[in-house]
Amino acid sequence: MNHPEQDILQTLAASRIAIEAVDPAIDAGRFAAKAVVNQPFTVEADIFCDGHDVIAAALLHRARGRQRWGETPMRHLGNDRWRASVVFAKPGSHEFKIAAWRDLFATWRAEVSKKHDAGQKISLELEEGRRLVEQAAGARAGSSGDRSALKALLAEVEQSSSEGDMLAVMLSDDMAVLMARLTARVNLTQTETAFPVFVDRERAAFSAWYELMPRSQSGRADRHGTFDDVIERLPYVRSLGFDVLYFPPIHPIGHTNRKGRNNSLMATPDDPGSPYAIGSEEGGHDAIHPELGTFDDFARLVAAARKHGLEIALDFAIQCSPDHPWIKEHPEWFDWRPDGTIKFAENPPKKYEDIVNVHFYRDAIPDLWYALRDVVLFWLERGVRIFRVDNPHTKPLPFWEWMIEEVRQVDPGVIFLAEAFTRPKMMKRLAKVGFNQSYSYFTWRNTKQELTDYLTELTREECRHYMRPNFFVNTPDINPFYLQTSGRPGFQARLVLAATLGTNYGVYSGFELCEAAAMPGKEEYLNSEKYEIRAWDWDRPGNIKPDIAFINRLRQENPALRQFVNLNFYNAWNEAILYYGKFTDDLSNFLLFAVNLDPHNPQAAHFEVPLWEFGLPDDATIDAYDLVTDQAFAWSGKTQHMYLDPHQRPYMAWRLKPPGVRS
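Residues numbered from 1 in each chain as written. Predicted model: local features only at pLDDT ≥ 70, side-chain atom pairs only at ≥ 80, totals over all residues. Heavy atoms only, no water.

Topic: the nonpolar core
Within the largest apolar cluster, 138 residues are counted, with the highest numbers of intra-cluster contacts made by Ile47 and Trp400. With residues up to four places along the chain from it excluded, the contact list for Ile47 reads Ile17, Ala18, Ile19, Ile55, Ala57, Met74, Asp80, Trp82, Ile98 and Ala100. Membership of the second largest hydrophobic core comes to 24 residues, among which are Ala572, Phe614, Met652 and Trp654. (Core = buried A, V, L, I, M, F, W, Y, C linked by side-chain atoms within 4.5 Å. Buried < 20%, exposed > 50% of the residue type's maximum accessible area, 1.4 Å probe, protein only. Contact = heavy atoms within 4.5 Å.)

This is the structure we're talking about:
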């Protein structure tokens, strides 16, 4: 008798394997985890079954839109936890699933071995095993070469003159490998969800940014800089070891309510205005400020930067000057007050009299969304593949998810950096919807406890799978209180922390000069370049250019510094000294750093050399190399001592040599 629910019962009964706690699975697969081209992407899950049968599992993976799945065997870690890693060869959208099944031959193999070792009779077990091999050899699964090889082993089994000879063939490694590939997958179970993964090019995960104002590159405060002036500065930027050169907006600047020096509401005719007041009669987001140059000049700059190993990053700031062409062409994209005047941007009590914001709904959708997407595509056509996005947390999340995906359909290698110093959940959601990099709270984490707690969150919690922080040490908007009072040692310390704790970091020009003149009581620069053209002495005494070049060279030479979640904090018994390490999975590249967080006073501490990471006892000796002084030495014993005088050098960096490795 057929029961209506029989099909449901059979389907449920067949899915006998439990697959749980898949990691990474961002919001149960709603958003993509992040991976990097040519770097291992690791997936784990709890996989188990009733009884004592041996099970097998595989990680299935493919580029989105492909029909066929690639397959990587998963490894049992213990306690029903399984793991596999896959390397993606191309950037773009991918997905993965997990499959698991009962492995009848592996089960047979385990049981017959136990019986044989216990001296029990195994005649019937050998026949059962032979039949399993026969079934696999006669099936159509796998390659013809594997089937032929299995048939050859089956012939050896059938020609064996004794049970011992038969057992030896049946338990051979060759038999195990072939049967793993060809035997039927009983009770095959797969995750119902195909979990998304977005694979980035490496620069999304490892980059060093240098931000400058193009108009301040002439060397004179009375002459507006040009793209040609920036080209002249490229060797300098590259000599410091940076690979991304980032500009604030380069578009025409409005005249209405133009800001004067130090954010004054009264501008003189000579004041250039804020580059964030985008748009004038000369154009908007798809135009260039005339005093910077032409599109041909910009093209030469992009090409010249590429020859120096630099990529150009542009600021994508959606706000508009009251003079932006869009206001007349598309008044429905803006908010208007009851008296007919346009509503200026505000964040009470702050006012931004020189800019207005678009709104994203009502009559603005979909045309505004298309227009903003097309702005990004416009600059993409001109060689820009990196965009720092201004205040994305004040724009709708659905817009970003849609727009980023639209751009990725054209070029999956485009990188978006979210400049969102905002609530933690909003910062993380922006990363989930597609931003490749994220500003972070690093700028305000100064104590040992603050840094340890925050970096532990970023490298150990779920956000490690989708949020890539970019540790900017300063910005045109942020002159941190710590740097205002720290002097040169503080700049050195923050540089080392940003560049070695993280894999993406950035500096705003002037940082290398230890520039810290501030508006009284504010985290803002005095005489800010946002409101005036500045000229700098790039060889000013007390600069830290050698430190920057040194740290960026370490980043390039040491694979451990290209990874983020491999960060480990170690014991140094002084709250003013942060001591940590990074190492590759095979321990071939193992670096240690110590940073004095007190920029005013020498600090000393006993600390632990992590001998246990190499499986060494506490009294072992390990070879090491001082990366700063360029000297080899050895540590004997786990406990050592350090002394850091910030007025000489507030940091140390060492490389450990694994035992048995030649220099």
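Regarding empty space enclosed by the protein
Across all of its chains, the model carries 4 cavities of 30 Å³ or more by this definition. Taken as a whole, the largest cavity holds about 110 Å³ of empty space. If you trace the largest cavity, you find it lined by Met213, Pro214, Arg215, His224, Pro248, Pro249, Ile250, His251, Ile253, Pro275, His289 and Leu292. For the lining of the largest cavity, the residue count by class is 8 nonpolar, 3 polar and 1 charged. Of the volumes computed, that of the second largest cavity is approximately 90 Å³. What lines the second largest cavity is a set of 13 residues, and nearest its centre among them are Tyr508, Glu515, Tyr525, Arg534 and Trp536. A class-by-class count of the residues in the lining of the second largest cavity yields 5 nonpolar, 5 polar and 3 charged. (1 Å grid on protein atoms, 1.4 Å probe; cavity = no way out; pocket = protein on both sides within 12 Å on 5 of 7 lines; lining within 4 Å. Points joined across faces, edges and corners; volume = space filled by probe spheres on them. Nonpolar A, V, L, I, M, F, W, Y, C, P; charged D, E, K, R; others polar.)

Some details on the UniProt feature "site: Transition state stabilizer" (unreviewed entry) in the protein chain
This chain's UniProt record puts "site: Transition state stabilizer" (unreviewed entry) on Asp477. Residue position: Asp477 is located in the loop between β19 (470-472) and α14 (481-501). If near-sequence neighbours (up to four positions away) are discounted, Asp477 is found in contact with Arg388, Glu523, Glu524 and Lys530. (UniProt positions renumbered as here; feature names shortened; annotations may be inferred. Helix = DSSP H or I, 4+ residues; strand = E, 2+ residues; numbered from the N terminus.)

Side note on the environment of Leu567
Inspection of the secondary structure assignment puts Leu567 in strand β21 (residues 567-569). It is 27 Å that separates the C-alpha atoms of Leu567 and His647, two residues lying 80 residues apart in sequence. When residues no more than four places from it in sequence are discounted, the contact partners of Leu567 are Leu455, Thr459, Arg460, Leu501, Tyr580, Gly581 and Lys582.

Quick notes on the pattern of salt bridges
Applying the stated criterion across every chain, the model contains 47 salt bridges. Between Asp173 and Arg109 there is a salt bridge, with the nearest N and O atoms lying 4.0 Å from each other. Residue Asp173 is found in helix α6 (residues 173-182), and its partner Arg109 is found in helix α2 (residues 104-117); the two are separated by 64 residues along the sequence. Overall, the relative accessible area of 60% leaves Asp173 in the exposed class. A salt bridge links Lys657 to Asp623; its shortest N-O distance comes to 3.6 Å. With Lys657 in the segment after β28 (651-656) and Asp623 in strand β25 (residues 621-626), this residue pair connects regions lying 34 residues apart in the sequence. With relative accessibility at 24%, the residue Lys657 sits in the partly exposed group. (Salt bridge = Lys/Arg side-chain N within 4 Å of Asp/Glu carboxyl O.)

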